[in-house]
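Descriptive structure summary
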Amino acid sequence: MSKTIKIGTRDSELALWQAKTVQQQLENLGYKAELVPVKSTGDIVLDKPLYELGITGVFTRTLDVALLNHDVDIAVHSLKDVPTILPKGIEQIAVLKRGNVNDTLVFKDNEEFLGAREAVVATGSLRRRAQWLNRYPTHTIVDLRGNVNSRLQKLTDNDWNGAIFAAAGIGRIGLRPEDSINLSWMIPAPAQGAIMIAALGENDFAIEACSQLNHEETEICTSIEREFLNKLEGGCTAPIGALAFIKNEEVNFKGVLLSKDGSKKIEVSKTEALGKHDDIADFCANYIIDRGGKRLMDDIKNESKTTNVYSTKSLTEDQRLLFHEKVTAKSSDFIKTNPNRIQKHIVKNEIRNVIITSKNAVDALLTNFSADELQFKNIYCVGRRTKRLIENRIGKVTHSEKNAKALANYLVEFMEGTEVTFFCSNLRLDDLPNILEENNIVVNEVEAYETKFDGVSLDDSVESVMFYSPSTVQSFKQKNDKEVIAFCIGETTATEARKRFKDVRVAKVPTVESVIELVNQHYVL
């Protein structure tokens, strides 16, 4: 254990407390560990509410970059600040035992204002604001930003009645005043009170070390809450609360969605036996959506400014909030896919060489057959995510490449035999089969799924469009005949875009987040 684990952390007092806790626990196990403090956007920009900064993961992005650059081995976060979808290559490797999950009201003088018609309460949280106004609709909410110390000082310096904090935050650094009460009626943020450790998926040493710190019960509960959040987000900023806890071998869950002003509230609660709780988040999210949640979120979406960027793939709330404040983005899926029926005789016998270039093809195969029925000797694929899905669901991948053309060139040199089965879409690119056939390799194409164009006509205000495949470019042009800046996820997509647009830009890495970063760079300059 001679290697020292570098622990990335924000440099606020609370963040350092959390990182030191992880450091101490690692050292108790015999590992060497050191802290590497960094500043985040959330620590620097203090003149706006968190929900107006235009990005989610506002406190985690700097540490994500540090991980990806190998400046640190692990990053320690408050799990409630972490986006529900992590950047490519980064994984959650441990969650420590959870602290106090509640929100806490710190008040001045006394609590009598709670019964008054007029009162002023401070918070920078959209969720706390909405729940407070739902309970006390005549009160006034003012914005409160900064670290715990500065927020407490602002409460002292201003003529406010109280301010709302996370109980775990003020408790961990010993700053909880006597004049405070837990708000047991307020449903906390998903994963509030939990400390999470992240690392690169390839860092086996860090994963092995930190996995010993994982608290299983906390991991189960926070995973349910974050799944609920993820399923509800739907491309809009909305106040969402969620709490799961385990008692008497049962998982108890409650969740809430509100309008921003707190005038509308949809709640849900459900209990399932531990071990049979896998669908609880999905059930509760759908319950809220079906009872007016979709309309509520649509209303919130309609409050947005004039759209200047459009994504041809639906964005998650985490992704949408990564945009710079100068960007107003909307999104929808410009292509839809449906699995085809695949004849059983195709997989009746072992297939020596198989090509799979997308997750959609994997899904189509598993819709038609069980994994045991798929007797593939050599599987060749495109993309790390596709490879991961194949190896999790079907079997080991013999070789993978970043794009179809690179895979074709590899197969020409190294593939066993002279015949391959290609599970593809009806709109597949020609590069791969053409290269193989030119080199006397027989390609048996099987249309595993159908891709349909489903684009929409965009408003004149849209200046830029984000593309993720040649098909999304083609779908866009079916409905739109305008010149836009084309932000592309990769070179294959860019090649198609250059046939149709003058200004084409390509992301550094093939992820949605990287395309968003490309958009931000343009609008910040």
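Below is a summary of the structure that appears in this document. Throughout this description, residue numbers start from 1 for each chain and increase along the sequence as written. Local features are withheld for residues below a pLDDT of 70 in this predicted model, meaning they are given only at 70 or higher, and side-chain atom pairs are given and counted only at 80 or more; totals for whole chains, interfaces and linings count all residues. In computing side-chain properties, one takes all heavy atoms of the structure into account and sets aside hydrogens as well as water.

The next point concerns helix 14 (residues 431-438). The buried label goes to any residue with under 20% of its type's maximum accessible area, the exposed label to any with over 50%, and the partly exposed label to all in between, with areas taken from a 1.4 Å probe on protein chains only. To qualify as a helix, a DSSP run of H or I must reach at least 4 residues; to qualify as a strand, a run of E must reach at least 2; elements of each kind are numbered from the N terminus. Among all positions in helix 14, only L432, P433, I435 and L436 are buried. Take helix 14 and look down its axis: the buried residues cluster within an arc of 165°, on one side only. By definition in these notes, contact holds between two residues if any of their heavy atoms fall within 4.5 Å. Among the structural elements, strand 17 (351-356), helix 13 (404-414), strand 20 (419-425) and strand 21 (442-453) are those in contact with the buried residues of helix 14. In the stretch just after helix 14, N440 is the one whose phi turns positive, near 60°. Think of it as the arc spanned by the lines of direction from the helix axis to the C-beta atoms.

This next bit is on the pairing of strand 10 (residues 195-200). Burial runs high along strand 10: 6 of the 6 residues are buried. Across 5 bridges, strand 3 (residues 74-78) lies against strand 10 in antiparallel orientation. Note that in strand 10 the partner of V76 across the bridge is I197. Any two strands between which DSSP finds at least two bridges are classified as paired. In this sheet, strand 10 lies alongside strand 4 (residues 90-95) in antiparallel orientation, the contact comprising 5 bridges. Each bridged residue has a counterpart across the sheet, and for V95 the counterpart in strand 10 is M196.

A separate point is the sheet that holds strand 12 (residues 250-258). Pairing is antiparallel across the open sheet formed by 3 strands, whose spatial order is 11-12-13. Of all the strands in the sheet, the pair left with one neighbour each is strand 11 (240-247) and strand 13 (265-273). Strand after strand, the sheet turns through a mean of 10° between neighbouring axes, direction not considered. Summarising the sheet, strand 11 and strand 12 pair through 8 bridges and their orientation is antiparallel. Its bridge partner lying in strand 12, A244 is registered against F253. Axis lines are fitted through C-alpha atoms, for helices just across the contact stretch, and the angle between N-to-C directions can take any value from 0 to 180 degrees. Strands strand 11, strand 12 and strand 13 of the sheet are contacted by helix 4 (residues 126-135), whose axis makes an angle of about 80° with strand 12. On top of the sheet, helix 8 (residues 216-233) reaches strand 11, strand 12 and strand 13; it is set at about 150° to strand 11, its chief contact.

Attention shifts here to the side chain of T104. Positionally, T104 belongs in strand 5 (residues 103-107). Here R176 takes part through its side chain, which lies 3.3 Å from a polar atom of the side chain of T104. Separated by 2.8 Å, the side chains of T104 and N182 make a polar contact. Sequence-distant contacts of T104, that is, excluding residues within four places in its chain, are made with A163, I164, F165, A167, I170, R176, S180, I181, N182 and L183. Throughout this description, a polar contact denotes any pair of N or O atoms lying within 3.5 Å of each other; where both atoms belong to protein, one of them has to be capable of donating a hydrogen while the other can accept it, and for residues adjacent in sequence the pair is counted only when both atoms sit in side chains.

Between rings of Phe, Tyr and Trp, where Trp is taken as its six-membered ring, a pair exists when centres lie within 6.5 Å; planes separated by under 30 degrees are stacked, by over 60 edge-to-face, and by other angles tilted. One pass over the full model with this rule turns up 14 aromatic pairs. Taking the centre distance of 5.8 Å and the plane angle of 75° together, the rings of Y31 and F205 count as edge-to-face. Of the two residues, Y31 is situated in the loop between helix 1 (13-28) and strand 2 (32-38) and F205 in helix 7 (residues 204-210); the sequence distance between them amounts to 174 residues. Its relative accessible area of 25% is what places F205 among the partly exposed residues. Where Y410 meets F414, the ring centres are 4.9 Å apart and the plane angle is 40°; that geometry is what we call tilted. With Y410 and F414 both in helix 13, this residue pair falls 4 residues apart, about one helical turn. What makes F414 exposed here is its relative accessible area of 55%. Aromatic ring contacts, followed pair by pair, group Y310, F334, F467, F476 and F501 into a single cluster. It is K270 that lies over the ring of F283; its NZ or CZ is 4.1 Å from the centre. Comment: the charge-over-ring label is applied if NZ (Lys) or CZ (Arg) is within 6 Å of the ring centre and within 35 degrees of the ring normal. Positioned above the aromatic ring of Y287 is the side chain of R291, whose terminal nitrogen or guanidinium carbon lies 3.7 Å from the ring centre.

Bear in mind that shape data such as this cannot, by itself, settle questions of function.
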